[in-house]
Amino acid sequence: MNYATTFLRTLAIRHKVQTLSMSSAVHENVKNYYGSRLETSDDLQTNAACVMPSRPLPKSACEALKQVHPDVCKRYFGCGLVIPEKLEGCAVLDLGSGSGRDCYVLSKLVGERGQVIGLDMTDEMIVASQKYVQYHQEKFGYSKPNTMFVKGYMEKLSDAGIQNNSLDVVVSNCVICLCPDKRTVISEAYKVLKEGGELYYSDMYASKVVPDSFKEDPVLWGEGMAGALYWRDLITLMKDIGFSTPHLVAGSHIVVHNPDLQRKTGDVKYASGTYRIFKLPQNSKTRALVTYKGTVPDCAECFEFDASHSFKTNVQVEVDAEMAAILQNTRFSTDFDITMLDTPDPNQSSTPQYCHLSPFLLADKLGSSVKQCSKTGH
């Protein structure tokens, strides 16, 4: 082994040790912040937990949310909506499940044949969420619970008993921004999803690369601002790991209420973005003609797949190769008539433009800026 190889290996080991050390410190800070310091969503220093969605919640999700116990909703710290369509019978994992609010909504939507697993690293949150398992089982009229909560880390899903290739959907709500090692978190999500599975999550994003100095502030970490990913880096990260191009579903601006945090963050702006990303087989290279059948629940007349793709019932449209692969290989395959075209997709060989995937631009376009929360002292 030559000197250069030894040197590079030493650097790699040192970087891994530093990353693990940082992850451990951040984990402890976040545990303390969300387990002890924050009692309700009103204790957050931003409006992240009460951002107005840029698209309405489906009727079935609204009805499910009304049935969630009030004490569970009280400790909700999310920054968006993580309720994808057509969940009946699905196995779903919620990364960073917190009080369990999203899990219980999902519990209703997957039905008694489905399964929901909530994963959180905070003892207080696991205890709080488990307390209402039987309540929601009885509320939904199930003969047995379909929801469970496990303690663990998003970076080590196998240690929490989550098997590879076992899940239809992975969701997360404003939690990945709290993790220093996002590549490992996304890679773990990729592993546990079945082929054709979906990662559907909301998170906090930054308008530029966040300075390293932010990462030394425990409050900036706890609020998600120190760990917020520059939105363009999300696209590169997902593609590197093997996921499809992210599809932006919703975006809203996030306001920092605390004057001290405003000073610290300076010209870095924040937005909530909800994306859907798929684990696909080898992508098709050709475009397709697709016709939506009107069969996705709550979407009889139109299926709004994301902010850029809206499929009207019985109206044939042409889609690019990646969208064709998504509609062919996911749980939506039975909801479309698909005819592959012989012509290659020119987008496969050109440099893609991703401006339409910016949560900031979408928030500006829709005027879905912010809902100012009435928070005493913030």
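Just above sits the structure.
Residues numbered from 1 in each chain as written. Predicted model: local features only at pLDDT ≥ 70, side-chain atom pairs only at ≥ 80, totals over all residues. Heavy atoms only, no water.

## Brief notes about the pairing of strand β5 (residues 193-206)
Here is step 1 of the chain: In terms of residue burial, β5 counts as a mostly covered element, since 12 of its 14 residues are buried.
Here is step 2 of the chain: As paired strands, strand β4 (residues 167-173) and β5 are joined by 6 bridges and run parallel to one another. Within β5, the residue paired with Asn 173 across the bridge is Ser 202.
Here is step 3 of the chain: Each parallel crossover has a hand, and for β4 linked through helix α7 (residues 182-192) to β5 it is right-handed.
Here is step 4 of the chain: Here 9 bridges tie β5 to strand β8 (residues 270-278), and the two strands are oriented antiparallel to one another. (Buried < 20%, exposed > 50% of the residue type's maximum accessible area, 1.4 Å probe, protein only. Helix = DSSP H or I, 4+ residues; strand = E, 2+ residues; numbered from the N terminus. Pairing = 2+ DSSP bridges. Right-handed = clockwise from strand over helix to strand, strands pointing away.)

## With respect to helix α6 (residues 133-140)
Here is step 1 of the chain: Restricting attention to buried positions, one finds in α6 the residues Val 133, His 136, Gln 137 and Phe 140. Looking straight down α6, one finds its buried side chains confined to an arc of 105 degrees; they lie on one side. Exposed side chains of α6 directed beyond 90 degrees from the buried face belong to Gln 134 and Glu 138. (Arc of directions from axis to C-beta.)

## Quick notes on the pattern of salt bridges
Here is step 1 of the chain: Under the counting rule described, the total for this entry stands at 19 salt bridges.
Here is step 2 of the chain: Between Lys 194 and Asp 168 there is a salt bridge; the shortest N-O distance is 3.2 Å. Of this pair, Lys 194 sits in strand β5 while Asp 168 is found in strand β4, placing the two residues 26 residues apart along the sequence.
Here is step 3 of the chain: Taking the shortest distance from any N to any O, the salt bridge between Glu 322 and Lys 239 comes out at 3.7 Å. Of the two residues, Glu 322 is situated in helix α11 (residues 321-329) and Lys 239 in helix α9 (residues 231-241); the sequence distance between them amounts to 83 residues. (Salt bridge = Lys/Arg side-chain N within 4 Å of Asp/Glu carboxyl O.)

## Details of the nonpolar core
The tendency in soluble globular proteins is for nonpolar side chains to be buried as a group.
Here is step 1 of the chain: Leu 93, Val 170 and Leu 199 are the most contacted members of the largest nonpolar core, which totals 39 residues.
Here is step 2 of the chain: Put simply, the parts of the chain that give this core at least two residues each are β1 (91-95), β2 (115-120), β4, α7, β5, α9, β8 and α12 (359-366).
Here is step 3 of the chain: Looking at which element gives the most residues to this core, the answer is α9, with 6 residues.
Here is step 4 of the chain: When near neighbours in sequence (up to four residues on either side) are disregarded, Leu 93 contacts Ile 117, Leu 119, Leu 157, Ile 162, Leu 167, Val 169, Val 170, Val 171 and Val 192. (Core = buried A, V, L, I, M, F, W, Y, C linked by side-chain atoms within 4.5 Å. Contact = heavy atoms within 4.5 Å.)

## Things to note about the side chain of Ser 129
Here is step 1 of the chain: Secondary-structure assignment places Ser 129 in helix α5 (residues 123-130).
Here is step 2 of the chain: Sequence-distant contacts of Ser 129, that is, excluding residues within four places in its chain, are made with Gly 98, Ser 99, Gly 100, Tyr 104 and Phe 149.

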